[in-house]
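# Remarks on the overall topology
Below are the chains, spelled out letter by letter.
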Amino acid sequence: SQKIEQNSEALNIQEGKTATLTCNYTNYSPAYLQWYRQDPGRGPVFLLLIRENEKEKRKERLKVTFDTTLKQSLFHITASQPADSATYLCALDFGGFKTIFGAGTRLFVKA
Amino acid sequence: DGGITQSPKYLFRKEGQNVTLSCEQNLNHDAMYWYRQDPGQGLRLIYYSQIVNDFQKGDIAEGYSVSREKKESFPLTVTSAQKNPTAFYLCASSVAGPTYGYTFGSGTRLTVV
C-alpha cells in the first residue's frame with residue numbers, strides 16, 4: 001500500500017539546537033517533495049521544495065534532504081528558536097495536480 | 001498584499017443544511033484547490049480547478065460541490081449529503097499546478113450542531 005509517514009509524536013528540543021524532522025514514504029515515486037509550516041488554527045505556509053534529482057536544498061536556517069533510494073526526506077532547522085514551534089508537513093508532489101500530504105510533526109522549541 | 005481570503009473563519013451547520021465556504025485570491029493564480037484537514041490525518045483533496053469554468057473531483061468529492069465562475073473565486077458548498085462535515089477546510093492556489101508550492105488561506109472550521 002502507499003503511505004506517507006511523519007513522526008506522530010511531538011519533537012521537543014532546546015533552543016539553539018538543530019531540529020530534525022523525518023518524512024518517509026512507500027510505493028510512491030514523487031517528482032518533488034515540499035515542506036510546509038502550520039500554526040494552530042492557521043493554513044500551512046510553504047517553506048521549501050526539493051526536486052527528485054536534488055540531494056539537498058537550503059534556505060536560511062532550513063535544510064532539506066531528499067533520498068529517493070531510501071524514500072525519505074529530512075527537514076532540519078538549525079539554531080532553533082521558540083518561534084519555530086509549529087507543526088511541519090511534508091507533501092509528495094507528482095507534478096500535475098496530485099499532491100499527497102503527511103499528517104505532520106509537532107515541534108516544540110523550549111527557551 | 002496578495003493572498004487568499006477564506007470566510008467565515010468559523011461556521012456552524014445544522015443537520016440537513018447546505019453551507020457555502022468562500023475563497024477569494026488576488027495572486028492571479030490559475031489553479032485553486034479545496035482541502036479538508038482532520039486531526040491526525042494529512043490534508044485530503046476535495047476539488048481543484050485549473051482554469052475558470054473548469055474543475056475536477058479530488059479524492060473525497062462526495063457531498064461537496066464547487067464553482068469557478070471567476071479566476072479569483074472558488075467557493076465550496078458542503079451539502080447535506082456530506083455525512084461527516086465537521087473539519088477544518090483549507091483553500092489554496094498555485095501557479096499552474098502545485099510544483100512551486102501552494103499558497104493557503106487561513107481556513108474555515110465547520111462544525112455540525
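See the structure printed just above.
In short, a report on the structure. (Residues numbered from 1 in each chain as written. Chains lettered and ligands numbered in written order. Predicted model: local features only at pLDDT ≥ 70, side-chain atom pairs only at ≥ 80, totals over all residues. Heavy atoms only, no water.)

### As for the overall build of chain A
The cut-off we apply is this: A run of DSSP states H or I qualifies as a helix once it reaches four residues; a run of E qualifies as a strand once it reaches two. Both are numbered from the N-terminal end. Restricting the calculation to C-alpha atoms gives the radius of gyration, and the globule rule supplies 2.2 Å times the number of residues raised to the power 0.38. Whether a residue is buried, partly exposed or exposed follows from its accessible area with a 1.4 Å probe, protein chains only, as a fraction of its type maximum: under 20%, in between, or over 50%, in that order. Should any heavy atoms of two residues lie within 4.5 Å, those residues are counted as being in contact.
Scanning chain A from terminus to terminus reveals 0 helices and 11 strands. Counting helices and strands in the order they occur from the N terminus, chain A gives β-β-β-β-β-β-β-β-β-β-β. In summary, chain A has a C-alpha radius of gyration of 13 Å against a globular reference of 13 Å for 111 residues, a match within 12%. The buried share among the 111 residues of chain A stands at 46%. For chain A, restricting intrachain contacts to residue pairs at least 6 apart in sequence, the fraction spanning at least 24 positions comes to 54%.

### A closer look at the sheet that holds strand β7 (residues 64–66) of chain B
Residues and elements named next belong to chain B. Applied cut-off: Being paired, for any two strands, means DSSP has found at least two bridges between them. Fitted lines through C-alpha atoms give the axes, limited to the stretch in contact for helices. The angle between two N-to-C directions lies from 0 to 180 degrees.
The sheet built from 4 strands is open, its strands ordered β1-β3-β8-β7 with antiparallel pairing. The open sheet has two free edges, formed respectively by β1 (4–7) and β7, since each of these has just one partner strand. Taken over all neighbouring pairs, the strand axes of this sheet differ in orientation by 20° on average, direction set aside. Pairing geometry for β1 and strand β3 (residues 19–25), over 4 bridges, is antiparallel. Bridge pairing in β3 places serine 7 opposite serine 22.

### Some details on a nonpolar patch on the surface
Residue and element names in this part refer to chain B. Selection rule: Two distance rules govern patches: like charges are joined within 9 Å, and nonpolar side chains (Val, Leu, Ile, Met, Phe, Trp, Tyr) within 5 Å, applied only to residues with over 30% relative accessible area and no salt bridge. The Shrake-Rupley method, run with a 1.4 Å probe sphere, supplies the accessible areas, and residue values consider only the shown protein chains as cover. By salt bridge we mean one thing: a side-chain nitrogen of Lys or Arg within 4 Å of a carboxyl oxygen of Asp or Glu.
Taken together, the side chains of Tyr10, Phe12 and Val113 make up a nonpolar region of the molecular surface, amounting to roughly 360 Å² of accessible area. Here phenylalanine 12 is to be found in strand β2 (residues 10–13). Judged by its relative accessible area of 51%, phenylalanine 12 is exposed.

### What to know about the nonpolar core
The criterion, for reference: Take the buried Ala, Val, Leu, Ile, Met, Phe, Trp, Tyr and Cys residues and link them wherever side-chain atoms come within 4.5 Å; each set so joined is a nonpolar core.
Ranked by internal contacts, the top residues of the largest apolar core, which has 24 residues, are Leu33, Trp35, Phe75 and Tyr88 of chain A. Contacts of phenylalanine 75 of chain A, omitting those with residues within four sequence positions, involve Ala19, Thr20, Leu21, Trp35, Leu47, Leu62, Lys63, Val64 and Tyr88 of chain A. By size, the runner-up hydrophobic cluster in this structure holds 20 residues, among which are Ala87, Tyr89, Cys91 and Leu110 of chain B.

### Concerning the interface of chain B and chain A
Rules: Put simply, buried area is how much 1.4 Å-probe accessible surface two parts lose in total, over both of them, once they are put together. By the criterion applied in these results, polar contacts are pairs of N or O atoms within 3.5 Å in which, for protein atoms, one can donate a hydrogen and the other can accept it, and in which residues neighboring in sequence qualify only through two side-chain atoms.
In this assembly, 24 residues from chain B lie in contact with 19 residues from chain A. Of the roughly 1,700 Å² buried between chain B and chain A, counting both surfaces, carbon and sulfur atoms make up 58%. Linking chain B with chain A are 0 salt bridges. For the interface between chain B and chain A, the tally reads 4 residue pairs in polar contact (both at pLDDT 80 or more).

### Overview of the sheet that holds strand β7 (residues 62–67) of chain A
Residues and elements named next belong to chain A. On the basis of which strands lie adjacent, the open sheet formed by 5 strands has the order β1-β3-β8-β7-β6 and antiparallel pairing. Lying at the two open borders of the sheet, with one neighbouring strand each, are β1 (3–6) and β6 (56–59). Across the sheet, the axes of successive neighbouring strands diverge by a mean angle of 15°, strand direction being ignored. Pairing analysis gives 6 bridges linking β7 to strand β8 (residues 72–77), with the strands arranged antiparallel. Along β8, the bridge assignment pairs leucine 62 with isoleucine 77.

### Looking at the pattern of salt bridges
Residue and element names in this part refer to chain B. Summed over all chains, the structure comprises 7 salt bridges over all chains. A salt bridge links aspartate 30 to lysine 71, with the nearest nitrogen and oxygen atoms 3.3 Å apart. Of this pair, aspartate 30 sits in the loop between β3 and β4 (31–37) while lysine 71 sits in the loop between β7 and β8 (76–78), placing them 41 residues apart in sequence. We classify aspartate 30 as partly exposed; its relative accessible area is 34%. Shared partners join several salt bridges into a network, and the residues in it are Arg36, Asp38 and Arg44.

### Here we look at the packing of aromatic side chains
Rules: Centres within 6.5 Å make a pair out of two Phe, Tyr or Trp rings, where for Trp the six-membered ring is used; the pair is then stacked when the planes are under 30 degrees apart, edge-to-face when over 60, and tilted otherwise.
Under the counting rule described, the total for this entry stands at 18 aromatic pairs over all chains. The interplanar angle of 35° and the centroid separation of 5.4 Å between the aromatic rings of phenylalanine 75 of chain A and tyrosine 88 of chain A together place this pair among those described as tilted. A residue pair is termed long-range when its members are at least 10 positions apart, and phenylalanine 75 of chain A in strand β8 and tyrosine 88 of chain A in strand β9 (residues 86–93) qualify at 13 residues. Like phenylalanine 75 of chain A, the residue tyrosine 88 of chain A is buried in the burial classification. In this structure an aromatic cluster arises from ring pairing among Tyr36, Phe46 and Phe101 of chain A together with Tyr33, Tyr35, Tyr48, Tyr102 and Phe104 of chain B.

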